[in-house]
Amino acid sequence: MQQTVVDHIERIAEDVVSLVLRGATGPLAPWEPGAHVDLALPNWLTRQYSLCGDPADRESYRVAVRHDRLSRGGSEYIHRFLRQGRALEVSLPRNHFPLRPAPEYLFLAGGIGITPILPMLRAAAASDVPASLVYLGQSVESMPFVDDLRSSYGDRVRIVATRQQGRPDFAALASALSPGAVVYACGPGPMLAAAEAAFPSGRLHAERFRPAPRSFAPNTAFEAVCARSGRTVRVPDDESLLDALNHAGFPVASGCREGVCGSCEVAVLDGDPEHRDDIGAPAGRMYACVSRALSPRLVVDL
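Residues numbered from 1 in each chain as written. Predicted model: local features only at pLDDT ≥ 70, side-chain atom pairs only at ≥ 80, totals over all residues. Heavy atoms only, no water.

Considering the overall build of the protein chain
When helices and strands are tallied, the protein chain shows 7 helices and 18 strands. The dimensions of the protein chain, computed from C-alpha atoms along their principal axes, are 60 × 45 × 35 Å. In the protein chain, which comprises 302 residues, the share counted as buried stands at 47%. Restricting the contact set of the protein chain to residue pairs at least 6 apart, pairs at least 24 apart contribute 62%. (Helix = DSSP H or I, 4+ residues; strand = E, 2+ residues; numbered from the N terminus. Buried < 20%, exposed > 50% of the residue type's maximum accessible area, 1.4 Å probe, protein only. Contact = heavy atoms within 4.5 Å.)

Re the environment of Arg 86
Among the structural elements, Arg 86 can be located in the loop between helix 1 (74–80) and strand 6 (87–90). Put simply, Arg 86 and Thr 4 are 82 residues apart on the chain and 8.5 Å apart in space, counted from C-alpha to C-alpha. Not counting chain neighbours up to four residues away, the residues in contact with Arg 86 comprise Thr 4, Val 5, Val 6, Pro 42 and Tyr 77.

Examining the domain arrangement of the protein chain
The accessible area lost on association of the parts is a frequent measure of interface size. The assigned domain composition of the protein chain is domain 1 (2–90), domain 2 (104–207) and domain 3 (222–300). One C-alpha centre belongs to domain 1, the other to domain 3, and the line joining them spans 28 Å. Across the boundary between the two partners, domain 1 contributes 6 residues, which contact 5 residues of domain 3. Note on domain 1 versus domain 3: buried area summed over both sides is about 360 Å², and carbon and sulfur give 33% of it. In this assembly, domain 1 and domain 3 are joined by 0 salt bridges. (Domains from an automatic or database assignment. Buried area = accessible area lost by both parts, 1.4 Å probe. Salt bridge = Lys/Arg side-chain N within 4 Å of Asp/Glu carboxyl O.)

So, the nonpolar core
Nonpolar side chains in soluble globular proteins tend to be buried together. In this structure, Tyr 105, Phe 107, Ile 117, Leu 133, Tyr 135 and Leu 149 are the most contacted members of the largest nonpolar core, which totals 30 residues. Secondary-structure elements contributing two or more residues to this core are strand 7 (105–110), helix 2 (114–126), strand 8 (131–137), helix 3 (146–153), strand 9 (157–161) and strand 10 (182–187). Looking at this core element by element, the count peaks at 6 residues for helix 2. Of the domains in this structure, domain 1 (2–90) and domain 2 (104–207) are the two that each give at least three residues to this core. If sequence neighbours within four positions are ignored, Tyr 135 has contacts with Ala 109, Gly 111, Ile 114, Met 143, Pro 144, Val 146, Leu 149, Arg 158, Ile 159 and Val 160. In terms of nonpolar packing, the next biggest core, distinct from the first, is built from 22 residues, Leu 241, Val 268, Cys 289 and Val 300 among them. (Core = buried A, V, L, I, M, F, W, Y, C linked by side-chain atoms within 4.5 Å.)

Describing the packing of aromatic side chains
Per the counting criterion, the structure on display carries 6 aromatic pairs. Ring-pair connections join several aromatic residues into one group, and the members of that group are Phe 97, Tyr 105, Phe 107 and Tyr 184. (Phe/Tyr/Trp six-rings, centres within 6.5 Å; stacked < 30°, edge-to-face > 60°.)

Focus on the sheet that holds strand 4 (residues 46–50)
Spatially, 4-3-6-1-2-5 is the arrangement adopted by the 6 strands of the open sheet, whose pairing is antiparallel. Both outer strands of the open sheet, strand 4 and strand 5 (60–66), are each paired with one neighbouring strand and no more. Pairwise comparison of adjacent strand axes, ignoring direction, gives a mean angle of 40° for this sheet. (Pairing = 2+ DSSP bridges. Axes fitted to C-alpha atoms, helices over the stretch in contact; angles between N-to-C directions.)

Considering the sheet that holds strand 16 (residues 285–287)
Pairing is mixed in the open sheet, where 5 strands are placed in the order 13-12-18-14-16. What marks the edges here is a single partner per strand, and that holds for strand 13 (231–235) and strand 16. Going across the sheet, the axis of each strand differs from the next one's by a mean of 40°, ignoring polarity. Bridge count between strand 12 (residues 222–226) and strand 13: 5 bridges; the pairing is antiparallel. Bridge assignment links Glu 223 to a residue of strand 13, and that residue is Arg 234.

Quick notes on the side chain of Asp 277
Locating Asp 277 in the fold gives a position in the loop between strand 15 (273–274) and strand 16. By relative accessible area, Asp 277 is classed as buried at 6%. Side-chain polar atoms of Asp 277 contact the backbone nitrogen of Gly 280, separated by 2.6 Å. Of note is the side chain of Asp 277, whose polar atom sits 3.5 Å from the backbone nitrogen of Ala 281. For Asp 277, the residues in contact, after removing those within four places along its chain, are Arg 214, Gly 259, Tyr 287, Val 290 and Ser 291. (Polar contact = N/O pair within 3.5 Å; in protein donor to acceptor, adjacent residues only side chain to side chain.)

Some points on the environment of Gly 202
Relative to the elements of secondary structure, Gly 202 occurs in the loop between helix 6 (189–198) and strand 11 (204–208). In the structure, Gly 202 is positioned 196 residues away from Val 6 in sequence and 40 Å away in space, judged by C-alpha atoms.

Concerning the state of the cysteines
Applying the stated criterion across every chain, the model contains 0 disulfides. In this structure Cys 226 is not part of a disulfide, and its nearest cysteine sulfur, from Cys 264, lies 14 Å away. Since its relative accessible area comes to 0%, Cys 226 is described here as buried. Cysteine Cys 264 is unpaired, with the sulfur of Cys 289 as its nearest cysteine sulfur at 3.6 Å. Note on Cys 264: relative accessible area 3%, which makes it buried. (Disulfide = S-S within 2.5 Å.)

Laid out in structure tokens, this is it:
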């Protein structure tokens, strides 16, 4: 974890605040567009937020947080209680949504989904790669960074207030894509579902707030053999691997508990994991909050 101090808090849209977190002990870890960090909040919760500042700025990170009316305590704490000058621990950046080189980009953002897209658009513009953004929100007042986007990118940005204008025709956008252009999208589930229906899967890269609805076989119990400690932890069918490990005294970090952030990654040395995450675990890894085992036992590096 990195030590930071809340340098600045600013309301930038309806129910959205921007936080600037300045490194307390020196330069912060580098990052690239698409990265996010975990914020360890003073109310004992850990939440993930996309970095939306300038990757060249090693002195501070910037995130934007929407107040979720069904908050589990994270966004509510930030909006109601967090103050300038407060010390916060912040994880090293992780990136499950990297911007890959392409001859042209179409960016789609819905609401607070603009946060990972914003540095991507900046990076494309800085590299003189053709890029455009379609940015959706219920109203302009609820959409952060609208003025900055309009002043910086002009007609390359299309702002769509869906309450008045409806959702744009993604099929028409797909048919107008030039050869080689790729699409990066972040936003709520219905928007991403519409994008997945319209754009070829090989050209669409998406990041979700919540996991996509999927079905799996019923849970079965299995054993997790912790190779470094020599202990075996039984994982019953009604408990996650993450909770079983934590209850057994193995403090695996966690954040979303939905398989979309990557905080709870563990190394698998043997056995057959059943990956139930939404971000694609790398070879030899699994996310303990949702993923389970297809074999009777897994050997993990704990």
